[in-house]
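# Inside the fold
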Amino acid sequence: MSVVRVDAHQHYWSLAHRDYGWLQDTPELRAIYRDFAPQDLAPLLDDAGIDATVLVQAAPSEAETARLLGIAADPASRVRAVVGWTDLAADDAPRRISRLAQEPLLKGLRPMLQDLPDPEWILDARLEPAIRTMTELGLCLDLLIKPHQIDAATKFALRHPLLPMVIDHAAKPDIAHGRFEPWASQIATFAQSTRVSCKLSGLATEAGADWDAAALRPYVDHLIGHFGPSRLMWGSDWPVLNLAGSYGRWHAASHELLAGLSPLEQEQILGTNAATFYGIK
C-alpha cells in the first residue's frame, strides 16, 4: 500500500461571498485578499506529492460549509474531508449537526474560537447538546485557539474525552516575538492530560516573513516531545500561509524539522495520522 500524504489544513474562498468578515483589503492581508480555488492549489500539491487534503472552514456560516462540500464533491479537487461550521450554541444545533453529518465528506466542525471575546466560551453549558450529538455521530472538533484559550480548551477536552479533537496551528504560539512561555507549559499540560491531537501548521505565519527552520525548531521539537509522532498531523494552512512564505518553503522546512524522526514517524505526521483522524479512505 502506498504511503498517503495529506495536507490536514487548507482553505478555499471567494470574495463574492460576504461571509469572510476577517478578510479585509489591508496591507497586512493583501497577499490573500483574492479568490482561491482548487486549480490554484493543484500544482503546489503536485510539487509536494500530496495525495489528499482536509478543507477547513474560514467563515462562520453554513452557507460556506455548503460551498466547501460542493468543491469536495469533485474528486479532482483532492479534498477528502471537510471541516465545516454551525452555531454550536444554537437551540437547534443537534438538528443542524445531524443534517450536516449526512454529507459523507463532512468529517468535523470548527467554531472560530480565536475570534470570540470570551476565552471560556467553549465551556458554555449551551454547547452540551451539540457536543453530545457530534460525539454520537463520530464527528471531529477542530480547536482554533490562541495561547490565552489553552486552559479552557484543556478543561473542555477533559470534560469530553470521547470527542475526537485536534488543536489547529499548535494554538498559535507567538514565535515572532520569541515567546515560548507560558505557551510551552500550557500546551505540554494539554498534551499530557488528554488524548487530543495537534496540527503542525500555521507556525510560519506566527513566525513572520523572516522565519527559517531554526526559528521554528524549538516549538516543533516541543510539540513532538509532548504529543509524540502519533498525535501530530502536518498541514499547510494555505493560502493563509502566503502571508509568510510559499507552500514549497513550508513543506521543505517541515521535512528538515522532522528529519530526526524515523521514516514511520514521519509518515504518521505527514499523512497517516490525518487520514485516520478524519476517516480519509
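Located above this text is the structure these notes cover.
Just so it is clear, the model here is predicted, and its values are computed rather than measured.

## Description of empty space enclosed by the protein
This structure, assessed with the given rule, holds one cavity of 30 Å³ or more. Considering only enclosed or pocket space, the largest cavity measures out at about 60 Å³ in volume. Along its surface, the largest cavity is lined by Leu113, Leu116, Asp118, Pro119, Trp121, Ile122, Ile145, Gln149, Ala152 and Ala153. Grouping the amino acids of the lining of the largest cavity by side-chain chemistry returns eight nonpolar, one polar and one charged.

## Here we look at the pairing of strand S1 (residues 6-10)
Extensive coverage of S1 is indicated by the burial of five of its five residues. In this structure, S1 lies alongside strand S2 (residues 52-56), joined through three bridges in parallel fashion. In the strand pairing of S2, Asp7 is matched with Thr53. Each parallel crossover has a hand, and for S1 linked through helix H1 (residues 38-48) to S2 it is right-handed.

## Observations concerning the side chain of Gln10
Here Gln10 shows up in strand S1. By relative accessible area, Gln10 is classed as buried at 0%. At a separation of 2.8 Å, a polar atom in the side chain of Gln10 contacts the side chain of Thr53. Those residues within four positions of Gln10 in sequence are excluded, and the remaining contacts are Leu41, Thr53, Val54, Leu55, Val56, Val79, Ser236 and Trp238.

## Quick word on helix H5 (residues 150-159)
Burial in H5 covers these residues: Ile150, Ala152, Ala153, Thr154, Phe156 and Ala157. If you follow the buried residues of H5, they end up packed against helix H4 (128-137), strand S5 (140-143), strand S6 (165-167) and helix H6 (183-193).

## Details of the nonpolar core
Leu88, Ile167 and Leu223 are the most contacted members of the largest nonpolar core, which totals 83 residues. Here this core gets seven residues from one element, more than from any other, and that element is helix H8 (residues 213-227). Ignoring any residue separated from it by four or fewer positions in sequence, one finds Leu223 in contact with Ala170, Trp183, Ile187, Cys198, Leu200, Leu203, Gly228 and Leu232. The next biggest cluster of nonpolar side chains, apart from the first, holds 15 residues, and it includes Val54, Met233, Ala275 and Phe277.

## Some words on the packing of aromatic side chains
Counted by the stated rule, this structure contains 12 aromatic pairs. Arranged with centres 5.5 Å apart and planes meeting at 50°, the rings of Trp183 and Tyr219 form a pair that is tilted. Here Trp183 is found in helix H6, whereas its partner Tyr219 is found in helix H8, with 36 residues between them in sequence. Exposure remark for Trp183: the relative accessible area of 2% places this residue in the buried category.

## Notes on the layout of surface pockets
Within this model, the largest pocket holds a volume of roughly 350 Å³. Along the walls of the largest pocket sit 21 residues, with Trp22, Gln114, Lys172, Asp237 and Val240 positioned nearest its centre. In the lining of the largest pocket, the residues fall into nine nonpolar, six polar and six charged. Approximately 190 Å³ is the volume found for the second largest pocket. Forming the boundary of the second largest pocket are 14 residues, of which Pro161, Leu163, Pro164, Arg195 and Val196 lie nearest the centre. In the lining of the second largest pocket, the residues fall into nine nonpolar, four polar and one charged.

## Some words on the pattern of salt bridges
In the structure shown here, the tally under the stated rule is 13 salt bridges. The salt bridge partner of Arg96 is Glu62, with a shortest N-O separation of 3.0 Å. A residue pair is termed long-range when its members are at least 10 positions apart, and Arg96 in helix H3 (residues 93-100) and Glu62 in helix H2 (residues 62-72) qualify at 34 residues. On the basis of relative accessibility, which here comes to 27%, the residue Arg96 falls in the partly exposed class. Salt-bridge contacts for Arg159 lead to Glu128; the nearest nitrogen and oxygen are separated by 3.9 Å.

## With respect to the environment of Leu216
Turning to its location among the elements, Leu216 is positioned in helix H8. Residues Leu216 and Arg126, spaced 90 residues apart in sequence, show a C-alpha to C-alpha distance of 38 Å. Once you skip the residues sitting within four places of it in the chain, Leu216 turns out to touch Ile175, Leu203, Ala207, Trp211, Trp250 and Leu257.

## A short note on the state of the cysteines
Enumeration over the complete set of coordinates arrives at zero disulfides. In this model Cys140 remains outside any disulfide bridge; the closest cysteine sulfur is found in Cys198, 15 Å from its own. Judged by relative accessible area, Cys198 falls into the buried class, the value being 0%.

## Some details on helix H9 (residues 247-257)
All of the buried residues in H9 are Tyr247, Trp250, His251, Ala253, Ser254 and Leu257. The buried residues of H9 occupy an angular sector of 165° when the element is viewed end-on, so they sit on one face. At its buried positions, H9 is contacted by S1, H1, strand S7 (197-200), helix H7 (203-207), H8 and strand S8 (232-234).

Scoring rules and cut-offs
- Residues numbered from 1 in each chain as written.
- Predicted model: local features only at pLDDT ≥ 70, side-chain atom pairs only at ≥ 80, totals over all residues.
- Heavy atoms only, no water.
- 1 Å grid on protein atoms, 1.4 Å probe; cavity = no way out; pocket = protein on both sides within 12 Å on 5 of 7 lines; lining within 4 Å.
- Points joined across faces, edges and corners; volume = space filled by probe spheres on them.
- Nonpolar A, V, L, I, M, F, W, Y, C, P; charged D, E, K, R; others polar.
- Buried < 20%, exposed > 50% of the residue type's maximum accessible area, 1.4 Å probe, protein only.
- Helix = DSSP H or I, 4+ residues; strand = E, 2+ residues; numbered from the N terminus.
- Pairing = 2+ DSSP bridges.
- Right-handed = clockwise from strand over helix to strand, strands pointing away.
- Polar contact = N/O pair within 3.5 Å; in protein donor to acceptor, adjacent residues only side chain to side chain.
- Contact = heavy atoms within 4.5 Å.
- Core = buried A, V, L, I, M, F, W, Y, C linked by side-chain atoms within 4.5 Å.
- Phe/Tyr/Trp six-rings, centres within 6.5 Å; stacked < 30°, edge-to-face > 60°.
- Salt bridge = Lys/Arg side-chain N within 4 Å of Asp/Glu carboxyl O.
- Disulfide = S-S within 2.5 Å.
- Arc of directions from axis to C-beta.

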